[in-house]
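Fold and contact review
As a plain string of letters, each chain reads:
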Amino acid sequence: MDHFLYRDGELYAEDVPLREIAATVGAPFYCYSAATFTRHFQLFDEALDGMEHLVCYAMKANSNQAILKLLGDQGAGMDVVSGGEYRRARAARVPGDRIVFSGVGKTEDEMRVAIESGIRQFNIESEPEMEVLSRVATSMGTEVPVTIRVNPDVDAKTHEKIATGKAENKFGIPISRASEVYALAANLPGLKVIGIDVHIGSQLVDLDPFRLAFRKVADLTEQLRAEGHEITRLDLGGGLGIPYERSNADPPLPRDFGQVVREEVGHLGCEIEIEPGRLIAGNAGVLVSEVIYVKQGEDRQFLILDAAMNDLIRPAMYGAHHDILPVKEPAPGEEPATYDIVGPVCESGDTFAKHRQMPAVGVGDLVAFRSAGAYGAVMASEYNSRPMIPEVLVQGDQFAVIRPRPTFDEMINRDIIPSWL
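Quantities reported herein were computed from a predicted structural model and do not represent experimental measurements.

Quick notes on the rules
Residues numbered from 1 in each chain as written. Predicted model: local features only at pLDDT ≥ 70, side-chain atom pairs only at ≥ 80, totals over all residues. Heavy atoms only, no water. pLDDT = per-residue confidence, 0-100. Contact = heavy atoms within 4.5 Å. Pairing = 2+ DSSP bridges. Helix = DSSP H or I, 4+ residues; strand = E, 2+ residues; numbered from the N terminus. Expected span 1.5 Å × (residues − 1). Buried < 20%, exposed > 50% of the residue type's maximum accessible area, 1.4 Å probe, protein only. Polar contact = N/O pair within 3.5 Å; in protein donor to acceptor, adjacent residues only side chain to side chain. Phe/Tyr/Trp six-rings, centres within 6.5 Å; stacked < 30°, edge-to-face > 60°. Lys NZ or Arg CZ within 6 Å of the ring centre and 35° of its normal. Axes fitted to C-alpha atoms, helices over the stretch in contact; angles between N-to-C directions. Parallel < 35°, antiparallel > 145°, perpendicular 65-115°, else oblique. Left-handed = near helix turned anticlockwise from the far one by under 90°. Nonpolar A, V, L, I, M, F, W, Y, C, P; charged D, E, K, R; others polar. Salt bridge = Lys/Arg side-chain N within 4 Å of Asp/Glu carboxyl O. Disulfide = S-S within 2.5 Å.

1. A short note on the confidence of the model for the protein chain
Mean pLDDT over the protein chain works out to 93, with 95% of the residues at or above the 70 mark. For the stretch residues 161–167, pLDDT sits under 50, and the model shows 30 contacts to residues farther than four places along the chain or on other chains.

2. Examining the sheet that holds strand 1 (residues 4–7)
By definition, the strands of a sheet pair up through backbone hydrogen bonds, in either a parallel or an antiparallel sense. An order of 1-2-3 is seen for the three strands of this open sheet, with the pairing classed as antiparallel. Two strands bound the open sheet, and with one partner strand each, they are strand 1 and strand 3 (16–17). The sheet contact formed by strand 1 and strand 2 (residues 10–13) spans four bridges and is antiparallel. Looking at strand 2, one finds that phenylalanine 4 is bridged to alanine 13.

3. Things to note about helix 6 (residues 127–139)
The end-to-end C-alpha separation of helix 6 is 18 Å, in line with the 18 Å expected for 13 residues at 1.5 Å each. When we look at burial in helix 6, the residues that qualify are Glu129, Met130, Leu133, Ser134, Val136 and Ala137. Elements in contact with the buried residues of helix 6: helix 5 (108–117), strand 8 (121–124), strand 9 (144–151), helix 7 (178–186) and strand 11 (191–197). The N-cap of helix 6, judged by a side-chain oxygen 3.2 Å from the amide nitrogen of glutamate 129 a few residues on, is serine 126. Once helix 6 finishes, glycine 141 follows within two positions and takes phi at roughly 65 degrees, a positive value.

4. Focus on the packing of aromatic side chains
Under the defined criterion, the tally for this structure stands at eight aromatic pairs. Ring plane angle 20 degrees and centroid distance 6.3 Å describe the contact between tyrosine 30 and tyrosine 32, whose orientation is recorded as stacked. Overall, the relative accessible area of 0% leaves tyrosine 32 in the buried class. Measuring from ring centre to ring centre gives 6.2 Å for tyrosine 32 and phenylalanine 37, while their planes differ by 85 degrees; the resulting arrangement is edge-to-face. Grouping residues by exposure puts tyrosine 32 and phenylalanine 37 together as buried. Across from the ring centre of tyrosine 12, 4.4 Å away, lies the NZ or CZ of arginine 7, which sits over that ring.

5. Comments concerning the packing of helix 7 against helix 8 (residues 208–226)
It is at 11 Å that the axes of helix 7 and helix 8 come closest, and there the two elements cross at 50 degrees. Comparing the axis directions of helix 7 and helix 8 gives the class oblique. In the packing of helix 7 onto helix 8, the handedness of the crossing is right-handed. Contacts between helix 7 and helix 8 involve Ala178, Ser179 and Tyr182 on the former and, on the latter, Leu220, Gln223 and Leu224. For the contact of helix 7 with helix 8, the class distribution of residues is four nonpolar, two polar and no charged.

6. Observations regarding the pattern of salt bridges
All chains considered together, the criterion is met by 23 salt bridges. Between arginine 370 and aspartate 2 there is a salt bridge; the shortest N-O distance is 2.4 Å. Residue arginine 370 is found in the loop between strand 19 (366–369) and strand 20 (391–395), and its partner aspartate 2 is found in the segment before strand 1; the two are separated by 368 residues along the sequence. Grouping residues by exposure puts arginine 370 and aspartate 2 together as buried. In this structure, glutamate 125 and arginine 149 form a salt bridge, with 3.1 Å as the shortest nitrogen-oxygen distance.

7. A few points about the environment of threonine 351
On the secondary structure map, threonine 351 appears in strand 18 (residues 351–359). Sequence separation of threonine 351 and leucine 191 is 160 residues, and the distance between their C-alpha atoms is 48 Å. Every residue in contact with threonine 351, bar those within four places of it in the chain, is listed here: Pro315, Ile341 and Val342. Of note is the side chain of threonine 351, whose polar atom sits 2.9 Å from the backbone oxygen of serine 348.

8. Some details on the state of the cysteines
The bond known as a disulfide is covalent and runs between the sulfur atoms of two cysteines. All told, the structure shown has zero disulfides when counted by the stated rule. Cysteine cysteine 56 shares no disulfide, and the gap to the nearest cysteine sulfur, in cysteine 270, comes to 15 Å. Judged by its relative accessible area of 0%, cysteine 56 is buried.

Below you can see the structure in the form of structure tokens.
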């Protein structure tokens, strides 16, 4: 469910016409729905109702501070994977005891910042990281809670670039080595082992891989407890997919995911953490772009937009699909046109869709990329010296720019020419 719907012949974000936002901020821009973000978080929270739990939003999906503040005010925790993300979460006034620090390459400086400002736990991914964290915590005269991320060697049946739970992936320790690694952690000063962490990938549309991974975690919990470890918290990661193509069957709902959690680990008496990102953010945002040209090629029409791969890289990087709709509602029975939909960047890879059927549009018309709230603005760049595009948040009948478009001077003047040139 989202709050981007046609009304009175045009596409709205909640109670605001996208055309009105475009007239104010210019195209292209990202637009987010506060109501959709809030509802999606609540669905996960309700899915674990009755279990001690914390829903930690995976802020790599969309880390704008306004979004973090919106979700934090709902009681969300945050899953961060860098010192910058940690600082963003704290700047958005999310308390440290609701922040989980994940990631395979935490530095000593990042560890220190998180320990000084408050952290719920570190999710440890390797023995070298564990030893560094022990040294840092000890030097600061403190003890920090940790879980250890295990790699269950489960095929998430997702895109190879976002699978994280197979043996060849860089994440976590092999589950077969868990006993020796937990024994090492228990003997290192400055660390308090409290649980297990697992995350098998992103954009999963089948619950069976979750079930298999969680079953392995349950067995490991019993094993580690028998070996004398106090396992009180299970971080089960995120990864539930969203329907990028409206014509396809919908992925499982958060309540279905929650039922798998109950069935596989509910008997262990552990506090449960989950780290959804894409399902909370994905359908809560659209990318609005203007048609620059309609170009006739040898055997196809090109729809050339003012948005490009530097604004939304998912199609170029993953071959990802986004539904693309005209902001002006098409007339009933209108014949569709077929386009290759591209941006102006000087790369053949700057292609959003090939042979896409959609309502016919012309120069100056606005189109909206659906499901662009996750891994859109956060992965954007200034390639081709194109300024980052604005982000706008809508709540009811009001909207605000939550990241402005920089001027060309602001972008260019960040460079420094040495005095000797």
